[in-house]
Amino acid sequence: MPSIKLAFKNVGKSIREYVIYFLTLALGVCVFYVFNAMDSQALLTGLSAAQGGVLEMLVVSMDFTSVLVSAILAFLIVYANRFLIRRRKKELGIYLLLGMPKGRVSFVLAMETVLIGAFALAVGLVVGILLSQGLSVLVASMFQVELTVFRFVFSSTAFFKTLLYFGAIFLVVMLLNIFHVSRCRLITLFQAEHMSERAYSGKLWLSVLAFLASAACLGYAYQQIIDNGLVMLNEQFNRAILFGVIGTLLFFFSLSGFLLKLMKSNRALYYRGLNSFVFRQLNSKINTNFISMTFVCLMLFFAIAVTATGSGVNYAITKSAVASTPYDATLRLDAKGEQEAQALLEQNHVDLERYFKESTLFSYRETGIGYQLYLAPEDFPSDSVKVEERTFDAISLSDYNRLMQLQGGQEISLGEGEYAVSATTDKVHAAGQKLLDTRALMKVGDREYEPADVPLQTRQLETMANNPVNLVLILPDDAAGNLPILRTYLSGNYRDGDRQKYDALLAAEYGGESAQWQGISVITAGNVLMMETGMKAMLLFVLLYLGITFLIAASAVLALQQLSETSDNISRYRLLRKLGVDDDMARKAMRRQVALYFFIPLALALVHSAVAIYVVNQMIIELNVENSLISILFSAGILLVLYGLYYIATYQSCKGMIRERT
């Protein structure tokens, strides 16, 4: 029989055993193409220069990340190929026994690798090309770009890069197969299926002690990460990671020692159906693979936590960035008051009607009232607020109401001798609310003012990045008019709402969107959004890329280990049938065994992820952003669907194996 025909026949005959291998290849190709096709999305034609620069950085980061991803996928594909070769050692031995040269055996294996690889590449690329079109919607939402026209785009760069990377991986696999065949001996090939892994056998008291130590380590890790709140990557964060890894390893180490004894203690459960057989097989597998299950659990945790919380953080950052840009542009004027501001604008020949359909001037004023008279350092969540050095700024009621009209906010009114409080950042909300709750009396000039029956105002008063931590008192016009002016601004909205057009126009007129120009500096909403979301977007896509890759790797490792276990247990299932076990009972036992093997590492990974999701969601809530828990859970649910796909494929392959071989 010709070698090529034999390769086709072998692939068709072992199609069930190739399902996991093919699924892993196709998903890897799909993910690789999607994240490398960003530079060819249709939305790029609508990006500004600043947005294009940020996206260019994003593409570069994807290139570097792709090297790491390709290394992970290469290891995974080699691992999967190793399983397939192990499954077929007896078949290879028969070929050699019948006189087939080792060179021809190597050629048959190489052709099988080419066939599976080519088919997986084709399917993965087709799905990736389709999914990459939807990626433009996500990128557009992150960069605040409205997609009015959508074009189907094919990325030739990503296509050829995918072919290059995966072609190199398949070449390595073929070389390893040739090397393996050249070194194999007949006796080794025929005895391969009787070789088993060495199992750890520990004492029960040691397993219980390890379990208690695991619980202590994980509890301490959770406490450290909750206290840290992911605020900074300091020693506390490092301790949380270290004790989390140690606790996870000790958990699976202890589980391998007392899981079976724990199941035996419940005799009704243990002796029901084929549970005794299932629990023994599961215990044996955990016993020999507790280290790999630790890594699988950690990879699942990384995939779920990073992908889910990453989408939540992006949602929060986008909302926060939009909140910090209530106007299309804000001009900071080197002037003290409205008259000086008007003179400065005329001096620079600024035609406001050329840019803005509506605009207003406003000024901040100095009260001289110190924070320390009413507030304490613990009223602020950040140690950076030095209460003894800060004083309250003020704004007149008429200026504040004009700003609210400009951004469509709620105007307020003050009675004689009353004031309101504006806390424009989350870091001062609690302090601002304390002033209202304690009915703090503010002495402005020769008169004391009390809080009006007006809630805490939380809208931004200007378009700017990194809004300073400050509390602003809203005073009646006569009281504010007697205070010295600190600085004067002009805020406005563009004539037709086309931000990119007027951002570029301002940049051309004044030499840069935020550059000084004869006493005037300009900051635009488009520029702020880029500063707020640019690096965060790059980080999010890198984490998504790695998260999905880690999920594929973890799922594939579990699937291949379970297929290997099923292959080793063929003789046991054959014996069960001889003892009277019918097909339905054997399938249920198999389904239960695969489900437990997939669920155990996932259960601990979900506990880890729940803690991480809680911490991230609390951070988002503290930012005064709408709760993003739904977005987080939706992202996690998508990953679990992918994980479930691997479970179904594994179960179907295992079921086919025991049916065919017994």
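Presented here is an overview of the structure given in this document.

So, about the overall build of the protein. The number of helices and strands found in the protein is 21 helices and 9 strands. A burial count over the protein gives 54% of its 662 residues as buried. Put simply, the protein shows about 30,800 Å² of open surface, and 61% of that area lies on carbon and sulfur atoms.

Counting 100 residues, the largest nonpolar core has Phe 35, Met 62, Phe 166, Phe 252, Leu 300, Ile 552 and Tyr 646 as its most contacted members. With 18 residues, the top contributor of residues to this core is helix α18 (residues 525–568).

With that out of the way, let us pick up the pairing of strand β2 (residues 356–370). Judged from the 9 bridges that link them, β2 and strand β8 (residues 485–494) form a sheet pairing that is antiparallel. Bridge assignment links Thr 360 to a residue of β8, and that residue is Ser 491. Pairing between β2 and strand β3 (residues 391–396): 3 bridges, direction antiparallel. Each bridged residue has a counterpart across the sheet, and for Gly 370 the counterpart in β3 is Thr 391.

A few words on the sheet that holds β3. One open sheet holds the 9 strands; their spatial order is β5-β6-β4-β7-β3-β2-β8-β1-β9, and the pairing between them is mixed. On the outer flanks of this sheet lie β5 (442–444) and β9 (520–524), each paired with one strand and no other. Ignoring strand direction, the axes of neighbouring strands in this sheet form an average angle of 35°. Relative to strand β6 (residues 447–451), β5 runs antiparallel, the two sharing 3 bridges. Counted as the bridge partner of Lys 443 is Glu 448 from β6.

Within helix α12 (residues 338–347), the full set of buried residues consists of Ala 341, Leu 344 and Leu 345. In a view along the axis of α12, the buried residues occupy a sector of 100°, so they form one face of it. Exposed side of α12, more than 90 degrees from the buried face: Gln 339, Glu 346 and Gln 347 are the residues found there. His 349 sits one or two positions beyond α12 and adopts a positive phi of about 55°.

Next up on the list: a nonpolar patch on the surface. Judged by side-chain polarity, Leu 171, Leu 175 and Ile 178 come together as a nonpolar surface patch covering roughly 270 Å² of accessible area. With respect to the helices, strands and loops of the structure, Ile 178 is situated in helix α6 (residues 156–183).

A full pass over the atoms with the stated rule returns 3 salt bridges. For Asp 399, the salt bridge is made with Arg 402, and the minimal N-O distance between the two is 2.3 Å. Linking Asp 399 with Arg 402, this pair stays in helix α14 (residues 397–407), spanning 3 residues, or about one helical turn. Among the residues examined, Asp 399 registers a relative accessible area of 9% and is labelled buried.

With respect to the helices and strands, the residue Ser 254 is situated in helix α9 (residues 235–265). Exposure remark for Ser 254: the relative accessible area of 0% places this residue in the buried category. Residues within four places of Ser 254 in sequence aside, it is in contact with Ser 207, Ala 210 and Phe 211.

With respect to the secondary-structure elements, Ser 70 resides in helix α3 (residues 49–87). Note on Ser 70: relative accessible area 12%, which makes it buried. Here Val 67 takes part through its backbone oxygen, which lies 2.7 Å from a polar atom of the side chain of Ser 70. Not counting residues up to four positions away in its chain, the partners in contact with Ser 70 are Phe 32, Tyr 165 and Ile 169.

Counting buried residues along strand β4 (residues 418–423), 6 of its 6 residues qualify, which places the element largely inside the surrounding structure. Neither face of β4 is open: one carries Glu 418, Ala 420 and Ser 422, the other Tyr 419, Val 421 and Ala 423, and all of them are buried. Two strands pair when backbone bridges link them, and β4 and β6 are joined in this way by 2 bridges, in the parallel orientation. Within the sheet, the bridge partner assigned to Tyr 419 lies in β6 and is Pro 451. Where β4 and strand β7 (residues 471–475) come together, 4 bridges link them in antiparallel fashion. Its bridge partner lying in β7, Val 421 is registered against Leu 473.

Enumeration over the complete set of coordinates arrives at 19 aromatic pairs. With a centroid separation of 5.6 Å and an interplanar angle of 20°, the aromatic rings of Phe 362 and Tyr 489 are classed as stacked. With Phe 362 in strand β2 and Tyr 489 in strand β8, this pair connects stretches of sequence that are 127 residues apart. The two residues Phe 362 and Tyr 489 agree in class, both being buried. With a centroid separation of 5.9 Å and an interplanar angle of 70°, the aromatic rings of Phe 598 and Tyr 647 are classed as edge-to-face. Pair noted here: Phe 598 is in helix α20 (residues 583–622) and Tyr 647 is in helix α21 (residues 629–661), with a separation of 49 residues, a long-range link. We classify Phe 598 as buried; its relative accessible area is 2%. An aromatic cluster is present here, built from Phe 32, Tyr 165, Phe 166 and Phe 170 joined pairwise through their rings.

Another point: unusual backbone geometry. In this structure, Arg 439 is a non-glycine residue whose phi angle is positive, near 55°. Within the fold, Arg 439 resides in the loop between α15 (429–437) and β5.

Criteria and thresholds
- Residues numbered from 1 in each chain as written.
- Predicted model: local features only at pLDDT ≥ 70, side-chain atom pairs only at ≥ 80, totals over all residues.
- Heavy atoms only, no water.
- Helix = DSSP H or I, 4+ residues; strand = E, 2+ residues; numbered from the N terminus.
- Buried < 20%, exposed > 50% of the residue type's maximum accessible area, 1.4 Å probe, protein only.
- Areas by Shrake-Rupley, 256 points an atom, 1.4 Å probe, with all protein chains shown as cover.
- Core = buried A, V, L, I, M, F, W, Y, C linked by side-chain atoms within 4.5 Å.
- Pairing = 2+ DSSP bridges.
- Axes fitted to C-alpha atoms, helices over the stretch in contact; angles between N-to-C directions.
- Arc of directions from axis to C-beta.
- Patch = residues over 30% accessible without salt bridge, like charges linked within 9 Å, V, L, I, M, F, W, Y side chains within 5 Å.
- Salt bridge = Lys/Arg side-chain N within 4 Å of Asp/Glu carboxyl O.
- Contact = heavy atoms within 4.5 Å.
- Polar contact = N/O pair within 3.5 Å; in protein donor to acceptor, adjacent residues only side chain to side chain.
- Phe/Tyr/Trp six-rings, centres within 6.5 Å; stacked < 30°, edge-to-face > 60°.

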